[in-house]
Amino acid sequence: MEQQIKKLARQYASEFVAIRRHLHANPELSYVEFETSRFVQEKLTSYGIPYEIKATTGVIGLLKGKNPEKRVVALRADMDALPIIEENDVPYKSSKPGIMHACGHDVHTACLLGAAKILSELKDEWEGTIKLIFQPGEEKNPGGASLLIKEGVLENPAPESIFGMHVHSSLPSGKLSFRGGMVMASADEIYITIKAKGGHAAAPQFTADTIYIASSLVVSLQQIISRNNNPFNPSVLSITAIQGGNTTNVIPSEVKLMGTFRAMDEAWRFKAHDLIKKLSTSLVESMGAAIDIKIDVGYPFVLNNETLSAAAHKKAASYLGAEHVEETELRMGAEDFAFYSHKIPACFFRLGTGNIAKGITIGGHTPTFNIDEDAIEIGMGMMALLGATNGGLGE
Ligand SMILES: [Zn+2]
Ligand SMILES: [Zn+2]
């Protein structure tokens, strides 16, 4: 079957490059992927795959192979784009000002459609049922994955495992990478407002200096990770915005701070939230100001199932050649696939889309992000193969 999938992936590659270009030219922001959703629905219908709609724009296809009760495997692609003005000069440049597929979700959607077409053609060759999850809103809290889970995407029928793929420009096109265990971080947003009376800069004794307090707080917050966290447990706290004041002789009555907290351990994550709140409150109050602190809880860390990821790595090595499959490096980026990964055995892997010779090296979330489209044949073939074999565990 590996050979049949490879042959069909090659045969259909140009069709799905064209589909990727269509999606790239017509990007939509998180949770309003209406045209994309309709496009996916039409394609699934043309492959004879029934589907249902969840979370407004999510499309959940259900494809049955031989012996459909044997097992259910889920394959997931995200569909949303970003609020970025595209600067690439390509024929398939975004037709929507200020919206761009700068994270490769156009590629993920095209590859999963490609896998759907291949799997439906080969449905007498593989066993079980495949749930095709075309997901809205990966880029924005609360995360489309969490909405789909609430609406029952992991039930009726319940998948025993789930696979997700992400393009990666620092991995060369032609390669894939896998890793078991933690692989990406949780991400929570911190919002702090420091408030005091404000006053004349020449008479600080009559007020509390919100600028000085904010500065002390930025410095003090760094001890939370360095003095409380196990040094072998990856974690980051970055204060990314300070807003307050607008002239030389006034102490402002308000300073706002923003930041992000990342971790790969749920117990430490929530302990750290507590420490951040306690330290901020006591420091700011002890210096005579009031504080309003809010931590917006985002996505958990991505936890790849060890057995499933090792099997999928092996399967990929057999499909592409061992020299083309690497181990994914740990990164503190976040991804809402994490929500699935804490519910059922999951494998989130990378599709190499960089190509130095073609000048394709720029990372995601930038106005000149692009991919080597030769990777699409590999992406769609790999998703099909993982679905048909449950990452190799089902053989
Ligand atoms: Zn992104
Ligand atoms: Zn992404």
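Not measured: the values here are computed from a predicted model. (Residues numbered from 1 in each chain as written. Chains lettered and ligands numbered in written order. Predicted model: local features only at pLDDT ≥ 70, side-chain atom pairs only at ≥ 80, totals over all residues. Heavy atoms only, no water.)

*Asks:* Which residues make up the packing of aromatic side chains, and what values go with them?
*Replies:* As enumerated under the stated definition, the model contains five aromatic pairs in all. Ring geometry for Phe178 versus Phe349: centroids 5.0 Å apart, planes at 10 degrees, classification stacked. Of this pair, Phe178 sits in strand β6 (residues 176-178) while Phe349 sits in strand β16 (residues 346-354); the two residues are 171 residues apart in sequence, bridging distant segments of the chain. On the basis of relative accessibility, which here comes to 2%, the residue Phe178 falls in the buried class. Phe349 gets classed as buried once you look at its relative accessible area, which sits at 0%. For the ring pair Tyr299 and Phe339, a centre distance of 5.7 Å and an interplane angle of 70 degrees mean the geometry is edge-to-face. Separated by 40 residues along the polypeptide, Tyr299 in strand β13 (residues 290-299) and Phe339 in helix α8 (residues 338-341) bring together distant segments of the chain. (Phe/Tyr/Trp six-rings, centres within 6.5 Å; stacked < 30°, edge-to-face > 60°. Helix = DSSP H or I, 4+ residues; strand = E, 2+ residues; numbered from the N terminus. Buried < 20%, exposed > 50% of the residue type's maximum accessible area, 1.4 Å probe, protein only.)

*Asks:* Quick rundown of helix α6 (residues 266-286)? Include the residues and the values.
*Replies:* Along its 21 residues, α6 runs 30 Å from first to last C-alpha, staying within 8% of the 30 Å computed at 1.5 Å per residue. Within α6 the residues assigned to the buried category are Trp268, Arg269, Ala272, His273, Ile276, Leu279, Ser280, Leu283 and Val284. Relative to the axis of α6, the buried residues are bounded by an arc of 145 degrees and lie together on one face. Every exposed residue of α6 that faces more than 90 degrees away from the buried side is listed here: Ala267, Lys278 and Ser286. Contact partners of the buried residues in α6: β8 (186-195), α5 (210-228), β10 (235-243), β12 (254-263) and β13. At the N-terminal boundary of α6, the capping side chain belongs to Asp265, with an oxygen 2.9 Å from the backbone nitrogen of Ala267. In the segment just after α6, Gly288 is the residue with positive phi, at about 95 degrees. (Expected span 1.5 Å × (residues − 1). Arc of directions from axis to C-beta. Contact = heavy atoms within 4.5 Å. Polar contact = N/O pair within 3.5 Å; in protein donor to acceptor, adjacent residues only side chain to side chain.)

*Asks:* Any details on the coordination of the zinc ion (ligand 1)? Residues and values, ideally.
*Replies:* Protein coordination at the zinc ion (ligand 1): the donors are Cys103 (SG), Glu139 (OE), Glu139 (OE) and His365 (NE2), at 2.0 to 2.7 Å from the metal. Coordination at the zinc ion (ligand 1) is irregular, judged from the four donor atoms that bind it and the angles of 52 to 148 degrees they form at the metal. Between consecutive donors of the zinc ion (ligand 1), the numbers of intervening residues give the motif C-x35-E-x225-H. The distance between the zinc ion (ligand 1) and the zinc ion (ligand 2) is 3.2 Å, with Cys103 acting as a donor to both metals. Here Glu139, found in the loop between β4 (129-135) and α4 (144-150), pairs with His365, found in the loop between β16 and α9 (375-389); they are 226 residues apart in sequence, far enough to count as distant. According to the relative accessible area criterion, Glu139 is partly exposed, its value standing at 22%. (Donors = N, O, S within 2.8 Å, 3.2 Å for Na, K, Ca; no water. Tetrahedral: all angles 85-135°; square planar, octahedral: opposite > 155°, others 65-115°.)

*Asks:* I'd love a proper account of unusual backbone geometry, names of residues and values included.
*Replies:* Each neighbour pair has its own omega, and for Asn141 with Pro142 the value is 5 degrees, a cis peptide bond. As for its placement among the helices and strands, Pro142 is situated in the loop between β4 and α4. Of note, the bond from Asn156 into Pro157 is cis; its omega dihedral lies within 30 degrees of zero at -5 degrees. Relative to the elements of secondary structure, Pro157 occurs in the loop between α4 and β5 (161-172). For Asn67, which is not glycine, the phi dihedral falls at a positive 50 degrees. In this structure, Asn67 sits in the loop between β2 (58-64) and β3 (72-78).

*Asks:* Just give me the short version of the nonpolar core, but keep the residues and values in it.
*Replies:* Core analysis: the biggest nonpolar cluster contains 65 residues, and Leu44, Leu132 and Phe134 have the highest contact counts within it. With ten residues, α9 is the largest single contributor of residues to this core. Dropping the residues within four chain positions of it, Phe134 is found in contact with Val40, Leu44, Gly58, Val59, Ala77, Met79, Thr109, Leu112 and Leu113. Within the second largest apolar cluster, 26 residues are counted, among which are Ile190, Ala196, Leu237 and Ala272. (Core = buried A, V, L, I, M, F, W, Y, C linked by side-chain atoms within 4.5 Å.)

*Asks:* Account for the coordination of the zinc ion (ligand 2), with residues named and values stated.
*Replies:* Donor atoms from the polypeptide that coordinate the zinc ion (ligand 2) comprise Cys103 (SG), His105 (NE2) and His166 (NE2), at 2.1 to 2.4 Å from the metal. Positions of the donor residues of the zinc ion (ligand 2), expressed as sequence spacing, correspond to C-x1-H-x60-H.

*Asks:* Run through the sheet that holds strand β15 (residues 325-327), naming residues and quoting values.
*Replies:* Pairing in this open sheet of eight strands is mixed, and the strands run β1-β2-β4-β3-β5-β16-β6-β15 from one edge to the other. At either margin of the open sheet sits one strand with a lone partner, and together these are β1 (51-54) and β15. Along the sheet, successive strands turn relative to each other by an average axial angle of 25 degrees, direction set aside. Examined bridge by bridge, β2 and β4 share six bridges and lie antiparallel to one another. (Pairing = 2+ DSSP bridges. Axes fitted to C-alpha atoms, helices over the stretch in contact; angles between N-to-C directions.)

*Asks:* Explain the side chain of Gln135 to me, and be specific about the residues and the numbers.
*Replies:* Within the secondary structure layout, Gln135 lies in strand β4. For Gln135, a relative accessible area of 0% puts it in the buried group. At 2.9 Å, the side chain of Gln135 forms a polar contact with the side chain of Arg76. Side-chain polar atoms of Gln135 contact the side chain of Tyr340, separated by 2.8 Å. When sequence neighbours within four positions are dropped, the list of residues in contact with Gln135 reads Arg76, Ala77, Asp78, Met79, Gly144, Ala145, Leu148, Asp336 and Tyr340.

*Asks:* If you had to explain the environment of Gly381 to someone new, which residues and values would you point to?
*Replies:* One can find Gly381 in helix α9. Each C-alpha atom, one on Gly381 and one on Ala115, is 6.2 Å from the other, the two residues being 266 residues apart in sequence. Setting aside residues no more than four positions away along its own chain, Gly381 makes contact with Ile5, Ala9 and Tyr319.

*Asks:* Residue-level account of α5, with values.
*Replies:* Turn by turn, an α-helix covers 3.6 residues, leaving residues three or four places apart pointing in a common direction. The end-to-end C-alpha distance of α5 is 27 Å, a good match for the 27 Å that 19 residues give at a rise of 1.5 Å each. Buried residues of α5: Thr210, Ile213, Ala214, Ser216, Leu217, Ser220, Leu221, Ile224 and Ile225, and no others. For α5, the elements touching its buried residues are β8, β10, β11 (250-251), β12 and α6. Of the residues that open α5, the one with a side-chain oxygen 3.0 Å from the backbone nitrogen of Ile211 is Asp209.

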